Amino acid sequence: MTSLIGLKNLEALEIEQILTRAQEFINEPLSSIDILKNRFVVNLFFENSTRTRFSFEVAEKRLGAHVLNFQESSSSTQKGETIYDTIKTIESMGVEAAVIRHSQNGLLEDLQGRLQVKLINAGIGNEEHPTQALLDMLTMKQEFGKIAGLKVAIIGDLKHSRVASSNFYGLKKLGAEVILSGPDAYKPYDPELREGSTWLPIEDAIGEADVVMMLRIQHERHQDRGLDISQNEYHNLYGLTEKRAKFMKKGAIIMHPAPFNRDVEIASCLIESPKSRIFKQVSNGVAVRMAVLEKALIPSKKEMLI
Ligand code: CP
């Protein structure tokens, strides 16, 4: 039984197993019914979310779990209780898994080992967002049959993106080539991302890629003013415009973790275009999160023999 802290420390085989299990949940919806019956899971979101929060809740309910949704503004964190003490308290009530989104890098590594509850990363700081990358990889696998050999261009605010980091680690483990592009000011901090990828001008990145993954500018994690240009200028210089999309390879697809800002990093007309898989990504998020919850809470046959 395992927590999910990030893809950096997951084996390729474990990633493949989650993707396979998620696809099974899609193909055979009845196989998932009630496997977490009478088990309690808590969702603790200290940052805003629509997709991740609700798809975890849908996944938990599809598996038959009882779901608790923590509200920071009405919790005892407002009286000074720490996150560790909050989760320890919830754990003491018999809750077995905690799905956590928070702005603080290193939070889950700090909590792991001090708690029994399984910790599931739902987006931590600019560090990792592993379930987003897993659902992205499932979407690519459905489209191309495999991840190995794919060229995936991740374009935009790489400096502040936990989605880019998790995709980089997962895609590299499964044998994809990662291309990065965007404004120089948003090049990634992480030397592993810089050294393990190819940096290309945006037109070249779009023209080379099987998957064009656009990223939102993550203003909420910017420490400084960053790029001093208008949204219109950003779109013209670094966005996936209608004109640039024409240079995509035949069969290449558009992805975006969302939320997207229409006509900033991506032209509004491309979001539901035939090349786009953006809402397919959202659908796949439920099955991936079901597979992650199962892995966290149901011991494998191997674990039961130990
Ligand atoms: N992709 C993603 O994490 O979206 P939310 O912030 O809405 O959860």
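Here, every reference points to the structure presented above.
Residues numbered from 1 in each chain as written. Predicted model: local features only at pLDDT ≥ 70, side-chain atom pairs only at ≥ 80, totals over all residues. Heavy atoms only, no water.

Visitor: What should I look at first to understand the environment of Ala291 in this one?
Guide: Mapped onto the elements, Ala291 comes out in helix H11 (residues 278-297). Here Ala291 falls in the buried class, since its relative accessible area comes to 3%. Placed 232 residues apart in sequence, Ala291 and Ala59 show a C-alpha to C-alpha distance of 8.8 Å. Residue contacts for Ala291: discarding those within four places in its chain leaves Ile18, Arg21, Ala22 and Phe25. (Helix = DSSP H or I, 4+ residues; strand = E, 2+ residues; numbered from the N terminus. Buried < 20%, exposed > 50% of the residue type's maximum accessible area, 1.4 Å probe, protein only. Contact = heavy atoms within 4.5 Å.)

Visitor: Sorry, what's going on with the pairing of strand E1 (residues 40-45) here?
Guide: Where a strand is regular, its side chains alternate between the two sheet faces. With five of six residues buried, E1 lies mostly within the body of the structure. At this point the chain moves from E1, through helix H2 (residues 51-62), to the parallel strand E2 (residues 66-70), and the crossover so formed is right-handed. Pairing geometry for E1 and strand E3 (residues 97-102), over five bridges, is parallel. Residue pairing in the sheet places Asn43 in a bridge with Val99 of E3. (Right-handed = clockwise from strand over helix to strand, strands pointing away. Pairing = 2+ DSSP bridges.)

Visitor: How should the packing of aromatic side chains be read in this particular structure?
Guide: Given two aromatic rings, one states the distance between the centres and the angle between the planes to describe the pair. Taken as a whole and judged by the stated rule, the model has four aromatic pairs. Pairing Phe46 with Phe70 gives two aromatic rings, centres 5.2 Å apart and planes at 50°, and the pair type is tilted. Taken together, the residues Phe46 in the loop between E1 and H2 and Phe70 in strand E2 connect sequence positions 24 residues apart. As far as the burial class goes, Phe46 and Phe70 line up, both buried. Ring centres 5.4 Å apart and planes at 75° place the aromatic pair Phe168 and Tyr169 in the edge-to-face group. Tyr169 carries the same exposure label as Phe168, and that label is buried. Geometry around Phe54 places Arg53 over its ring, the cationic atom sitting 4.3 Å from the centre. One cation-aromatic arrangement involves Lys187 over Trp199; the distance from NZ or CZ to the ring centre is 4.7 Å. (Phe/Tyr/Trp six-rings, centres within 6.5 Å; stacked < 30°, edge-to-face > 60°. Lys NZ or Arg CZ within 6 Å of the ring centre and 35° of its normal.)

Visitor: Would you mind showing me how to read the sheet that holds E2 here?
Guide: In spatial order, the strands read E2-E1-E3-E4; together these four strands make up an open sheet with parallel pairing. Strands at the two margins of the open sheet, each flanked by one partner only, are E2 and strand E4 (118-124). Looking at each pair of strands side by side, their axes are set apart by 15° on average, direction ignored. Pairing geometry for E1 and E2, over five bridges, is parallel. Bridging from a neighbouring strand, Val42 pairs with Leu68 of E2. Packed on one face of the sheet, H2 meets E1, E2, E3 and E4 and runs near 180° to E1. Helix-sheet contacts for H11 involve E1, E3 and E4, and the interaxial angle to E4 is about 150°. (Axes fitted to C-alpha atoms, helices over the stretch in contact; angles between N-to-C directions.)

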